[in-house]
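# Summary of the model geometry
Given next are the chains, with one letter for each unit.
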Amino acid sequence: MFGEDKLFTALNVAAIQAKVDALTSGYAIWSDLLIPQDFTGTKSINFYMSSRLPESEVDMYNYTINCRAETMNEAMDISNTIISTVSRKSYTDCFIYMTQMAIIPPIDDTDSYNSVIEAIIKLRS
């Protein structure tokens, strides 16, 4: 719905999966505002729709992707891999364009670095 499934599929490829922690049920990649509380790893991706762009001939949605890791370089590595793997690629029923945003430092010693990506998904009718 609203391109969420398209983005989830685009992110769940070997190159990106190799950058995050593995779980018993897959990889640390979630379509949610928050990382699950029971997650004990250090490298993860979560994403959520941040806005729907004005009506046009093509449905367009903005998503925020959070690439989290213990170090700034690891967080940037995850986001760079996502952008090089997914951005500006044409899929069967959509096009995804990504922009690297600011890196958010940890707020305290329990937090991690967050390399933020803005993604625009254009769905084909």
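Check the entry above for the structure.
We now turn to the structure provided with this report. (Residues numbered from 1 in each chain as written. Predicted model: local features only at pLDDT ≥ 70, side-chain atom pairs only at ≥ 80, totals over all residues. Heavy atoms only, no water.)

### Overview of the overall build of the protein chain
Counting its regular elements, the protein chain contains 3 helices and 8 strands. The order of helices and strands in the protein chain, counted from the N terminus, is α-α-β-β-β-β-β-α-β-β-β. A compact globule built from 125 residues should have a C-alpha radius of gyration of about 14 Å, and the protein chain, at 14 Å, falls within 12% of that. In terms of overall dimensions, the protein chain has C-alpha extents of about 45 × 30 × 25 Å along its principal axes. Taking all 125 residues of the protein chain together, 34% fall into the buried category. Contacts in the protein chain between residues at least 24 apart in sequence constitute 50% of all its contacts with a sequence separation of at least 6. Split by element, the accessible area of the protein chain, about 7200 Å² in all, is 54% carbon and sulfur. (Helix = DSSP H or I, 4+ residues; strand = E, 2+ residues; numbered from the N terminus. Rg over C-alpha atoms; globule rule 2.2 N^0.38 Å. Buried < 20%, exposed > 50% of the residue type's maximum accessible area, 1.4 Å probe, protein only. Contact = heavy atoms within 4.5 Å. Areas by Shrake-Rupley, 256 points an atom, 1.4 Å probe, with all protein chains shown as cover.)

### Overview of the packing of aromatic side chains
Under the defined criterion, the tally for this structure stands at 3 aromatic pairs. Residues Phe 8 and Phe 47 carry aromatic rings whose centres are separated by 6.4 Å and whose planes lie at 40° to one another, so their mutual orientation is tilted. Of this pair, Phe 8 sits in helix α1 (residues 4-11) while Phe 47 sits in strand β4 (residues 44-52), and the two are 39 residues apart along the sequence. In textbook terms, an aromatic cluster arises when at least three aromatic residues are bridged by ring pairs, as seen for Phe 8, Phe 47 and Tyr 63. (Phe/Tyr/Trp six-rings, centres within 6.5 Å; stacked < 30°, edge-to-face > 60°.)

### Some remarks on the nonpolar core
If you look at the biggest cluster of nonpolar residues, it comprises 27 residues, and the most contacted ones within it are Leu 7, Leu 11, Ile 45, Ile 65, Ile 82, Ile 96 and Met 98. If you list the elements that add at least two residues to this core, you get α1, β3 (29-31), β4, β5 (59-69), α3 (72-86), β7 (94-104) and β8 (113-123). Element by element, the count of residues in this core is highest for β5, at 5 residues. (Core = buried A, V, L, I, M, F, W, Y, C linked by side-chain atoms within 4.5 Å.)

### Let's talk about the environment of Arg 88
Locating Arg 88 in the fold gives a position in the loop between α3 and β6 (89-90). For Arg 88, a relative accessible area of 57% puts it in the exposed group. Sequence-wise, Arg 88 and Ile 120 are 32 residues apart; in three dimensions their C-alpha atoms are separated by 10.0 Å. Apart from the residues lying within four places of it in its own chain, the contact partners of Arg 88 are Phe 95, Ile 96 and Tyr 97.

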